Amino acid sequence: SEEALVKKQKFTFIDLFAGIGGFHQAMHKLGGECRGFSEIDPYCIETYKQNFTSTKFLGDINNIDAEKLPDFDVVCGGFPCQPFSKAGKRLGFEDEDRGQLFYRITDILKKKPTVKFIILENVRNLADHSENWNTITKELKELGFIITQNPIILSPSDFGIPQNRERVYILGIKKEHANAKISKRDSITEEDL
């Protein structure tokens, strides 16, 4: 079975820009306990609460006081993709509303030094523009994370699901939690994964 292939280890996470809980479902299957979720869409919030009844709702990410959050090991988040999408205006970080929401994640990371891992997701187009990718990786490296050297592009079709919806995944590990081979660098290569 799929669950038998994964050795479960207990860990904690928060789910930012949570939608209806895709990250939550995956992290729970791996042994994760969600310490809270943030979302602004009322229909997504209602669905999330029905799917994960005991998970604390943290509200809008713009109103979260990171110092009041419990400690957690992993930050998951699919920050808004409209500023980076081919379907949008592609303003990236110049979009004063949604383009700046990535920095709410870094604000939380600054106040939560216990975080060991980050898993972020966005549209593929984010990685196609080096200035966006470089901004994100620079910010995360400055916070002590080792980041994937190259963008990880995946689609549901890569896993046998008949949908072509490419997304970029940004993975990071805090330097002090990486093995000695990796901790001397600021990037993770495919061989490391």
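This is a predicted model, so every value here is computed, not measured.

1. Digging into the overall build of the protein
Phase 1 of the analysis: Scanning the protein from N- to C-terminus turns up seven helices and nine strands.
Phase 2 of the analysis: Among the 193 residues that make up the protein, the fraction classed as buried is 46%.
Phase 3 of the analysis: Look at the contacts in the protein between residues 6 or more apart in sequence, and 60% of them connect residues 24 or more apart.
Phase 4 of the analysis: For the protein, the accessible area works out to roughly 11,000 Å², and carbon and sulfur atoms hold 48% of it.

2. Some words on the packing of aromatic side chains
Phase 1 of the analysis: A complete count under the given rule lists five aromatic pairs for this structure.
Phase 2 of the analysis: Consider the rings of F37 and F57, whose centres lie 5.1 Å apart with planes at 45°: the pair is tilted. Taken together, the residues span a long stretch of sequence, with F37 in strand β2 (residues 32-38) and F57 in strand β3 (residues 57-59) at a distance of 20 residues.
Phase 3 of the analysis: Seen in terms of ring centroids, Y48 and F52 are 5.0 Å apart; in terms of plane orientation they differ by 55°. Their pairing is tilted.
Phase 4 of the analysis: What makes Y48 buried here is its relative accessible area of 0%.
Phase 5 of the analysis: Relative accessible area serves as the criterion here: at 16%, F52 is assigned to the buried category.
Phase 6 of the analysis: Linked through ring pairs, F37, Y48, F52 and F57 together constitute an aromatic cluster.

3. Quick look at the pattern of salt bridges
Phase 1 of the analysis: This structure, assessed with the given rule, holds six salt bridges.
Phase 2 of the analysis: Linking K116 and D73 is a salt bridge whose minimum nitrogen-to-oxygen distance equals 3.5 Å. Of this pair, K116 sits in the loop between α4 (102-111) and β5 (117-123) while D73 sits in the loop between β3 and β4 (74-77); the two residues are 43 residues apart in sequence, bridging distant segments of the chain.

4. Examining the packing of α4 against helix α6 (residues 130-142)
Phase 1 of the analysis: Closest axis-to-axis distance for the α4/α6 pair is 11 Å, and the angle between their directions is 10°. In terms of orientation, α4 lies roughly parallel with respect to α6. Of the residues in α6, those in contact with F102, Y103, T106 and L109 of α4 are T135, I136, E139 and L140.
Phase 2 of the analysis: Here the residues of the contact of α4 with α6 sort into five nonpolar, two polar and one charged.

5. Looking at the side chain of D73
Phase 1 of the analysis: The exposure class assigned to D73 is buried, which follows from its relative accessible area of 18%.
Phase 2 of the analysis: The residues touching D73, leaving out its near neighbours within four places in the chain, are F11, T12, V115, K116 and F117.

6. Looking at helix α2 (residues 22-29)
Phase 1 of the analysis: Looking at α2, one finds that the buried residues are F23, H24 and M27. Along the axis of α2, the buried positions cluster into a sector of 100°, meaning they face one direction only.
Phase 2 of the analysis: Taken together, the buried residues of α2 touch β1 (11-16), β2, α3 (42-51), β4 and β5.
Phase 3 of the analysis: Remark: G31 follows α2 within two positions and exhibits a positive phi of approximately 105°.

7. As for the nonpolar core
Phase 1 of the analysis: L16, V75, F79, I105, L140 and I170 are the most contacted members of the largest nonpolar core, which has 29 residues in total.
Phase 2 of the analysis: Only β1, α4, β5, α5 (124-128), α6, β6 (145-148) and β8 (167-174) provide two or more residues apiece to this core.
Phase 3 of the analysis: Per element, the largest residue contribution to this core is five residues, and it comes from α4.
Phase 4 of the analysis: Leave out the neighbours within four places in its chain, and L16 touches S38, I61, I64, V75, C76, G77, G78, I105 and I108.
Phase 5 of the analysis: Formed by 13 residues, the second largest nonpolar core is a distinct cluster that contains F13, Y48, V74 and I119.

Calculation criteria
- Residues numbered from 1 in each chain as written.
- Predicted model: local features only at pLDDT ≥ 70, side-chain atom pairs only at ≥ 80, totals over all residues.
- Heavy atoms only, no water.
- Helix = DSSP H or I, 4+ residues; strand = E, 2+ residues; numbered from the N terminus.
- Buried < 20%, exposed > 50% of the residue type's maximum accessible area, 1.4 Å probe, protein only.
- Contact = heavy atoms within 4.5 Å.
- Areas by Shrake-Rupley, 256 points an atom, 1.4 Å probe, with all protein chains shown as cover.
- Phe/Tyr/Trp six-rings, centres within 6.5 Å; stacked < 30°, edge-to-face > 60°.
- Salt bridge = Lys/Arg side-chain N within 4 Å of Asp/Glu carboxyl O.
- Axes fitted to C-alpha atoms, helices over the stretch in contact; angles between N-to-C directions.
- Parallel < 35°, antiparallel > 145°, perpendicular 65-115°, else oblique.
- Nonpolar A, V, L, I, M, F, W, Y, C, P; charged D, E, K, R; others polar.
- Arc of directions from axis to C-beta.
- Core = buried A, V, L, I, M, F, W, Y, C linked by side-chain atoms within 4.5 Å.

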